[in-house]
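Reading the structure
Read off the chains here:
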Number of protein chains: 2
Amino acid sequence: MTIFYGISILIAAIAFAFAAYLYFWVKKQQQNNKRITEVAGLIRDGANTFMKREYKILAVFALIVAVLITLFLPNPIWNAETVDGRWSGWNNITMAIAYICGTILSAIAGKLGLVVASLSNGRSAEAAAKGIKPAFLIGFRGGSVMGLIVVGCAVLGVSVALWTLHDASLLLGFSFGASSLALFAKAGGGIFTKTADVAADLTGKVELGIAEDDPRNPAVIADNVGDNVGDVAGMGADLFDSNVAALTSALVIATSLTQGMVELSMKMVLCYAALGLLASIIGIATARITKNGTPTGALNSSTYVTSAVFMAFTAAATYFFDFSWHIWGCSTLGLVVGVIIGLATDYFTDDSKPIVKKVAHASKSGPAFTVLSGVSYGFLSALPAMIGIAVSALVSYKICDTEALLAEYGANFPLFGISMAAVGMLSIVAMIISNDAYGPIVDNARGLAEMGGLGEDAIRIADELDSAGNTVKAVTKGFSIGAAGLTVISLLGTFMAEAEAAGHTFLSGFDIMNPTVFFGILIGAAIPAVFSAMLILGVDKNAQKMVAEIHRQFDTIPGLKEGKEDAKPEYDKCIDVATTGSLRELIPAGMVAILSTIAVGFIGGPEAIGGFLLGNIVSGLLLSLFMSNAGGLWDNSKKYVEAGNEGGKGSEAHKAAVIGDTVGDPFKDTAGPSINTQITVVSLVASLLSALFVQYNIFG
Amino acid sequence: MTIFYGISILIAAIAFAFAAYLYFWVKKQQQNNKRITEVAGLIRDGANTFMKREYKILAVFALIVAVLITLFLPNPIWNAETVDGRWSGWNNITMAIAYICGTILSAIAGKLGLVVASLSNGRSAEAAAKGIKPAFLIGFRGGSVMGLIVVGCAVLGVSVALWTLHDASLLLGFSFGASSLALFAKAGGGIFTKTADVAADLTGKVELGIAEDDPRNPAVIADNVGDNVGDVAGMGADLFDSNVAALTSALVIATSLTQGMVELSMKMVLCYAALGLLASIIGIATARITKNGTPTGALNSSTYVTSAVFMAFTAAATYFFDFSWHIWGCSTLGLVVGVIIGLATDYFTDDSKPIVKKVAHASKSGPAFTVLSGVSYGFLSALPAMIGIAVSALVSYKICDTEALLAEYGANFPLFGISMAAVGMLSIVAMIISNDAYGPIVDNARGLAEMGGLGEDAIRIADELDSAGNTVKAVTKGFSIGAAGLTVISLLGTFMAEAEAAGHTFLSGFDIMNPTVFFGILIGAAIPAVFSAMLILGVDKNAQKMVAEIHRQFDTIPGLKEGKEDAKPEYDKCIDVATTGSLRELIPAGMVAILSTIAVGFIGGPEAIGGFLLGNIVSGLLLSLFMSNAGGLWDNSKKYVEAGNEGGKGSEAHKAAVIGDTVGDPFKDTAGPSINTQITVVSLVASLLSALFVQYNIFG
């Protein structure tokens, strides 16, 4: 086993080293423009202020949870006994420490991503004045630093935690640490970014008809800060969490296999995770715009390279270490299905494909049609991903469901297959994060190019880079939602195993005809809707406040509206509105999800929780796919109109498209991607509290 | 048993007689205004033309299905055998006949409702010139005729079918006839009505700033036709279907109880259904606006009267005929929860409550906020109903899940309890339909009062009646969605019973950890989204066509836009656009739902279908609650602004609120309520084809 820990830690170290190399590469690129340096500084300061205040709140939250874990989990500490000279209360303390470690690693990953992002944006903007290739490379490599660090932390954290704890189920604490921080970071950052974005668009684009990043707009810096805290730091925490959760659930299920096969299976999980990271390093190193190539092409082709390398590496490892080829099949299937889901998402959100054009065309008849057609295609877009997840779960299970395999590995082998399909789908996550973090960096670069007065050409190049970021973002979101779907199936298995370990007997599994299960399903299905609604209302409320603040500035600062040279907007006031507002909204939505899980568990017992998790995942998948895709679709429809189609900028169609984009903003960047984390958190809470639910419940 | 058939048929006859009395009462009210008579005639003719063309298409569809049933259901006819001198192929023929009877009764119910609605609208308009009370009474009684006929047909049809067939499972054919017709009638009517409504609003209210029913608008007659074919005929078919499905599933489950208890339980179902109709007759007869009362108060109080009478009657019957008090408890619980769901819905959609005001206030910041806040509250509004359904299912089950009862009635008794909770919730459906059909009648009356030049006072009164219709509609929709939820749980039980009867053994029920079940769940959950999307896109596409047609008329008919006396719009062209468009869109969405059920059944077998039904119901409930409530909320927010709040008519807030209303139109009147029927149809298809799925499948 030691050699596999060694391999994992070694590859994580390589990832960190490569990240450091890229960091210094980015840092040595030039940044001379005074105005850009100044504005980039404002953005960095705003982001740091927000993060500091956010992390303070989250630290308090994490400490409270750590105390609760020490008291109650995995079993109430006052029931702790000393068996064979070992006091079982140590489990509580270890789990609390694992939890804290999970939150800290998650916070570090977010923070480091932010540092490099705020280093890259200005440099990418200045490079845009020279050409698309250097600007792209700076944006992408900046994003890659984040990707490598996040996945490096995940692989390192899981390996070290497992090595020291020797107990996969204590890993749940580590994973919950990562998830709970991600939930709030994602929610808080998501509300911040869209509060600013929506308010800036409505006052700037719609009311005044000025450009997106016009420095006259008091919300423009807040908008760019939002890209960093929401899309970079929040997203990093989110994918760190998905990755850890997928590995944890695979490891927990591995321990439930036939005794002799446990170690081999755990080795396999660690090995695949490490190879995924290695494949991503290669993919990142080879990414560049080819002659006559586009940024989108560059991002996509490096994804394909990574996927192919991963398949080859894992095949070699499987051959070499005598792993199960069936599991290799599951992992490869997961990855392939992930790519297919991504392509399907692309079809619905790419502006060279028909759907975006249809929505843009509908905008000619007014904003109601923009919204209606976007909602409809958003609904439709959920189908391919749902089918993809359903098929990969079913086929993975069936691949591993032969008599010989069950005899060799034990009854849970098919479930292990599903969990490894999730690991496969997430294997290239470092690559995905690189693509994802590239988006906000070049989005910022676009703003800086405009505010720094770098000229039409640089702005056009930055625009092209930004649009590629949008398309790729939609694709990677499809990926991470798909993986979350598969992970949660295995977390359902984890919960079942934990509840059984706590002495519960499932008479007929989680039979949907059992009214307790059904009760859980319906409540669970309502939660993602409630959670999304609370986040969107948070954006809604705060954006209205910020709009009011912007209007105040327009009214009281002479010459600001007219764009006079010496009229300076008070950027910091807007940043403050977004910060205060999002910090107030960040806890409640997440708490609703956590508390409802606890309530259902104590009312209906383990069976109700099984149903609850299922309902939650089903409606969560549907809503997050719908919202992410509809949002991406509206955003790109607006860009398509702005490119001169259907009447172009300033036309009625454009106004309608901007309204669609505004509706889509909190869909795709606040609620949609947060649901992912919400699902994981709820599953982990259920597994962690399983023993309590078994002991105390009303109807179970 | 005969006496219960007798009671049911007698009460159905009383309902028909009372309906006839009300019909002639409405008919003898005066209608003198020439212009109103003329316009009401145009509306009637438009509606009849549409219905005739729609029914022609549906007749072809029904005949094809009848042939398929004869060939394949319940078992392939070529496998038919002669046992004890009876050829089992007769079952196929009987089922086909039952199917045809179901479609015919459903069509008749829709058609008769339409006849009386188009008789009432003009009379109610003229009465509005005299005062609110007579105008209300005409609208309400016109709607009641529809309610009585629909439920009379359901009770009569189920009783006679059961009496003659002696086989509850053949009733599934009857129920499927009702459902499949309802699915297409609802979809077709829903697309028609919103095509016209949206186009009329956008060109009239938004572009020209003229009133809703201004006769200059070429779409105004089509809009009124739509109210009739969508909200009256479509809704009638829909609730006929829900009612029949609830009774059928209760009866099928009753047959699976202990031998000696089957007849008693079936008697109970028939008796409760008949008493519900009787209670509704009493409620309808007593409905009127009290001194100082409001139309909303009148509608609600008659609902409460009906509920109370039903509880008392069923308690008496339970005492008298020695039915199970536990089941009485389930039925009463269902009814009470239905009322609670209705009240919760009311909280989110009534313009005297805070939510509507918040959305209206958000509209001041622009249409994006109208949409975002409406979507959010729509999501939130799903929670109480989901909890209500979950609790009533769980508690009904637990009420009937005692050892003594299981020993007496058999293992399926708790499931019977759930099905009777659904029957209880739907018991007052005749009352609900009366309230529901009242809406479009007074909506029409409002238009006629304006077009007939009856003056400000009459229009104001008609407006007040219309607003009450909107509020009550939201409440009754909550009711029918809730009942559909409970019915489908029992239909899931029906499917299980049918599959077992066809020789399938469910090893672990529908365990969600079984990947075949899970596969079905994910696909099933995507279907309501796809179905809704197709309907909304249908509205979207056709409304754009109609807007183009209206623009053409404005451009080519001199003086029309300016409102010159002699400039006559070509109303029939608009009616034609809506008719042709909705007839083209009506089949595909329904077919997607039916064909995907069949595909999943043949791929995954009975287990996958169980999952499919569950996924379908869960996401169907969530989406239909969301869409119905968000739509009602936007509609009433617009009305609230129009009443002079947040800037009143013509303000920016009003424009935003109108856009919200336009988005909500197909949500609440096309997709939302159709999902209900889609869920039922899919469940029935599954039960009907169970034997085939058991025999032929790939992965099951």
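Data block above holds the structure.
Our subject in this report is the structure included herewith. (Residues numbered from 1 in each chain as written. Chains lettered and ligands numbered in written order. Predicted model: local features only at pLDDT ≥ 70, side-chain atom pairs only at ≥ 80, totals over all residues.)

1. Examining the overall build of chain A
- Broken down by element type, chain A carries 19 helices and 2 strands.
- A globule of 700 residues ought to have a C-alpha radius of gyration of about 27 Å, and chain A, at 24 Å, matches this closely.
- Seen along its three principal axes, the alpha-carbon backbone of chain A occupies a region of about 80 × 50 × 45 Å.
- Split into buried and exposed, the 700 residues of chain A put 69% on the buried side. (Helix = DSSP H or I, 4+ residues; strand = E, 2+ residues; numbered from the N terminus. Rg over C-alpha atoms; globule rule 2.2 N^0.38 Å. Buried ≥ 20, exposed ≤ 12 C-beta atoms within 10 Å, placed from the backbone.)

2. Some details on the interface of chain A and chain B
- Counting residues at the interface gives 66 residues for chain A and 64 residues for chain B.
- Counting only elements with at least two residues in the side of chain A that touches chain B, the list comes to helix 5 (171–208), helix 11 (367–399), helix 15 (456–501), helix 16 (515–556), helix 17 (571–642) and helix 18 (652–688) of chain A.
- Ranked by the residues each element gives to the side of chain A that touches chain B, the list is headed by helix 11 of chain A, at 21 residues.
- A per-class count over the side of chain A that touches chain B returns 49 nonpolar, 14 polar and 3 charged. (Contact = placed C-beta atoms within 7 Å. Nonpolar A, V, L, I, M, F, W, Y, C, P; charged D, E, K, R; others polar.)

3. Section: the relation of the copies chain A and chain B
- Once chain A has been moved 0.0 Å along the axis and rotated by 180°, it coincides with chain B to within an RMSD of 0.0 Å. The operation mapping one copy onto its partner corresponds to a two-fold rotation axis. Within chain A, the C-alpha atom positioned nearest to the axis of rotation is that of A:Asp511, 2.1 Å from it.
- A symmetric contact is evident, with 97% of the interface residues of chain A recurring at the interface of chain B. (Least-squares fit on C-alpha atoms with pLDDT ≥ 70 in both.)

4. Observations regarding helix 7 (residues 262–286) of chain B
- Look at helix 7 of chain B: 37 Å from first C-alpha to last across 25 residues, which is about the 36 Å you get at 1.5 Å a residue.
- The buried fraction of helix 7 of chain B amounts to 19 of the 25 residues, a majority that puts the element mostly inside the structure. (Expected span 1.5 Å × (residues − 1).)

5. Some remarks on the packing of helix 6 (residues 220–255) of chain A against helix 18 of chain A
Residue and element names in this part refer to chain A.
- Close contact between helix 6 and helix 18 brings their axes to 10 Å; oriented N to C, the two are set at 25°. Classified by the angle their axes make, helix 6 and helix 18 are roughly parallel. Here helix 6 runs over helix 18; the crossing is left-handed. Across the interface between the two elements, Gly230, Asp231, Asp238, Asp241, Ser242 and Ala245 from helix 6 touch Asp669, Pro673, Asn676, Thr677 and Thr680 from helix 18. (Axes fitted to C-alpha atoms, helices over the stretch in contact; angles between N-to-C directions. Parallel < 35°, antiparallel > 145°, perpendicular 65-115°, else oblique. Left-handed = near helix turned anticlockwise from the far one by under 90°.)

6. Some remarks on the environment of B:Lys267
All names here are of chain B.
- One can find lysine 267 in helix 7.
- In sequence terms lysine 267 and threonine 2 are 265 residues apart; their C-alpha atoms lie 9.3 Å from each other.
- Excluding residues that lie within four positions of it along the chain, lysine 267 makes contacts with Met1, Phe4 and Phe321.

7. Some points on the packing of helix 5 (residues 171–208) of chain B against helix 17 (residues 571–642) of chain B
Residue and element names in this part refer to chain B.
- Across the interface, helix 5 lies against helix 17 with an axial gap of 8 Å and an inter-helix angle of 140°. Note on packing geometry: the crossing formed by helix 5 with helix 17 is right-handed. Contacts between helix 5 and helix 17 involve Leu183, Phe184, Ala187, Gly188, Ile191, Phe192, Thr195 and Ala196 from the first element and Cys574, Ala578, Thr579, Gly581, Ser582, Leu583, Glu585, Leu586, Ile587, Ala589 and Gly590 from the second.
- For the contact of helix 5 with helix 17, the residue count by class is 12 nonpolar, 6 polar and 1 charged.

8. Overview of helix 3 (residues 89–128) of chain A
- Across its 40 residues, helix 3 of chain A extends 58 Å between first and last C-alpha, which sits within 8% of the 58 Å expected from 1.5 Å per residue.
- By the criterion of burial, helix 3 of chain A is predominantly enclosed, with 30 of the 40 residues buried.

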